[in-house]
Amino acid sequence: MTEDILINVTPFETRVAIVAQGAVQELHVERSIQRGHVGNIYLGRVVRVLPGMQSAFIDIGLERAAFIHIADLRENRQERSQGQTATPIEKLLFEGQTLMVQVIKDPLGTKGARLSTQISIAGRMLVYLPHDPHIGISQKIDSEAERHQLRERLQALVPEGEKGGFIVRTQAEGASDEELAADLAYLRKLWSSVQAAARSQPAPTLLHQDLTLAQRVLRDMAGPDTGMIQVDSRSTTAELQEWAKIYTPSVLPRIRHYSGERPLFDTAQVDEEIARALSRRVDLKSGGYLIVDQTEALTTVDVNTGGFVGGRNFDDTIFKTNLEAAQAIARQLRLRNLGGIIILDFIDMEDPEHRDTVLAELKKALSRDRTRMTVNGFTQLGLVEMTRKRTRDSLAHQLCEPCPMCQARGNVRTPRTVCYAILREILREARQFNPKEFRVLAAQSVIDLFLEEESQHLAMLGDFVGKPISLEVEGSYSQEHYDIILI
């Protein structure tokens with residue numbers, strides 16, 4: 001399936017859309033003041049060791065201290081691979097110690113960045129592992145003969161005395177020895193510069209910053225199935241072409257500057273797709289729909305038949321809806337960049353063959369995703385559990401913030417609930433103070449209810465406390481917000 005890449009560049013942000021079969025499959029946003037940190041290498045300082053959690057906080061110069069678990073320490077991995085008893089973190093790290101670390105997860109919500117001392121530097125064809133003398137091959141290269149050949153070719157190119165290792169990426173399929181050697185030399189030179197900076201710079205400091213979003217597109221996303229790469233900035237187009245000449249020459253002929261009259265994203269209706277990707281509801285062509293709910297712990301996707309009645313019988317309708325939903329779910333995970341634990345609630349199917357077919361369709365649709373994931377079968381409750389690696393914020397977390405009205409609860413108290421809270425508050429105040437009058441400031445919907453259906457209760461309370469109660473609309477107040485002024 002051919003995928004076109006659209007790159008929209010402005011001084012304040014870069015947006016990338018991957019389009020296939022006329023539909024947006026992936027969206028990536030990078031703002032100039034909020035660049036991600038994944039892949040960056042820092043010289044950090046240990047600020048606190050937590051033996052009870054076998055973790056530590058590291059100052060790398062960001063707003064919040066970053067976090068490292070013992071499982072992400074290189075020494076711990078080596079001990080486990082050799083079958084040795086793991087050394088506790090308090091014997092490996094101490095407060096004030098300087099440590100070279102790499103960000104493996106961006107800060108998410110209230111959590112700081114996640115770190116590792118197992119450094120890896122990605123190139124176009126290879127990933128360099130300075131501390132791990134191992135040659136691995138991407139699992140997405142299926143041919144065993146190709147895997148064996150790539151391993152042998154790379155071993156022949158690695159200089160004698162090299163202490164590090166490499167992982168051969170999917171893009172290396174069909175690459176020449178010259179291309180592999182160029183990538184290898186680039187990565188070793190880059191690592192030498194990182195080491196030199198670590199010896200001369202004080203902690204905390206940034207030693208190496210990962211590529212910009214536009215450059216990462218060429219490195220990580222462009223491949224044999226990529227069609228045109230259109231960029232609406234002339235200067236960025238030139239920069240990418242120069243970068244491609246050195247690192248990705250096979251992609252160079254596909255990079256084009258877009259100079260059409262319509263905005264680039266309008267040609268594929270990307271902005272409309274972004275708006276839909278921020279909605280809870282995803283409509284299916286058949287009339288069914290998905291409900292996507294994202295929480296801090298996990299993401300749930302609920303499948304509903306809606307108005308779809310196209311099957312021969314009810315079981316057939318459910319089966320067809322679930323098949324269509326499997327395709328839509330795979331696309332939504334990529335589009336929204338949802339990660340972590342994901343629970344899929346397909347409509348209950350009695351026929352085991354139907355379940356197997358839907359699960360197979362889901363796995364087939366997910367196979368086009370570049371992100372690592374695991375998919376389990378149906379549980380006893382009829383749910384599908386899966387995980388998708390999360391390294392960066394989801395699209396919703398990048399573009400949205402919690403609602404200031406409901407504080408991200410997803411609902412607000414009704415006007416009647418607020419009215420009754422006001423009545424109780426006036427009664428409480430009347431027992432402590434002796435004002436001439438109570439004045440209620442509230443939203444229009446609350447005041448309207450007091451003047452209509454709740455007018456009798458308001459009058460009864462005024463008689464009971466023996467004080468007049470006046471009402472005033474405050475247009476700037478939310479439905480839940482009110483004030484009671486004692487006059």
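Residues numbered from 1 in each chain as written. Predicted model: local features only at pLDDT ≥ 70, side-chain atom pairs only at ≥ 80, totals over all residues. Heavy atoms only, no water.

- An unreviewed UniProt entry annotates the chain as Ribonuclease G of Bordetella trematum.
- Heading Cofactor (unreviewed entry) of the UniProt record for the chain holds this comment: "Mg(2+)".
- A UniProt comment under Sequence similarities (unreviewed entry) is attached to the chain, and it reads "Belongs to the RNase E/G family. RNase G subfamily." (UniProt positions renumbered as here; feature names shortened; annotations may be inferred.)

## What about helix 8 (residues 352-366)?
Logical step 1: The terminal C-alpha atoms of helix 8 lie 21 Å apart, and with 15 residues this matches the ideal 21 Å at 1.5 Å per residue to within 8%.
Logical step 2: For helix 8, every residue scored as buried is listed here: H354, V358, L359, L362, A365 and L366. With its buried residues spanning 130 degrees around the axis, helix 8 presents them on a single face. Exposed residues on helix 8 whose side chains face more than 90 degrees from its buried face are P352, E353, D356 and K364.
Logical step 3: Contacts from the buried residues of helix 8 go to helix 7 (314-336), strand 19 (340-345), strand 20 (373-378) and strand 21 (384-388).
Logical step 4: Looking at where helix 8 begins, the residue whose side-chain oxygen comes 2.9 Å from the main-chain nitrogen of E353 is D351. (Helix = DSSP H or I, 4+ residues; strand = E, 2+ residues; numbered from the N terminus. Expected span 1.5 Å × (residues − 1). Buried < 20%, exposed > 50% of the residue type's maximum accessible area, 1.4 Å probe, protein only. Arc of directions from axis to C-beta. Contact = heavy atoms within 4.5 Å. Polar contact = N/O pair within 3.5 Å; in protein donor to acceptor, adjacent residues only side chain to side chain.)

## Here we look at the nonpolar core
Logical step 1: If you look at the biggest cluster of nonpolar residues, it comprises 28 residues, and the most contacted ones within it are L290, I329, L344, F346 and L362.
Logical step 2: Listed by contribution, the elements that provide at least two residues to this core are strand 17 (289-294), strand 18 (298-304), helix 7, strand 19, helix 8 and strand 21.
Logical step 3: Setting aside anything within four residues of it in sequence, one finds L290 in contact with R280, R281, V282, L284, V301, D302, V303, A325, A328 and I329.
Logical step 4: If you look at the next biggest cluster of nonpolar residues, it comprises 26 residues, including I141, V168, W191 and A197. (Core = buried A, V, L, I, M, F, W, Y, C linked by side-chain atoms within 4.5 Å.)

## Some words on helix 2 (residues 144-157)
Logical step 1: Its 14 residues give helix 2 an end-to-end C-alpha distance of 20 Å, which sits within 8% of 20 Å, the value for a rise of 1.5 Å per residue.
Logical step 2: Close packing links the buried residues of helix 2 with strand 10 (126-129), strand 11 (135-137), strand 12 (165-168) and helix 3 (177-200).

## Some words on the sheet that holds strand 12
Logical step 1: One open sheet holds the four strands; their spatial order is 9-10-12-11, and the pairing between them is mixed. Only two strands of the sheet have a single neighbouring strand rather than two, namely strand 9 (121-122) and strand 11.
Logical step 2: Bridge analysis of strand 10 against strand 12 gives four bridges, and the strand direction is antiparallel. From the neighbouring strand, Y128 faces strand 12, where its bridge partner is F166.
Logical step 3: Most of the contacts of helix 3 go to strand 10, to which it runs at about 35 degrees, and overall it touches strand 9, strand 10 and strand 12. (Pairing = 2+ DSSP bridges. Axes fitted to C-alpha atoms, helices over the stretch in contact; angles between N-to-C directions.)

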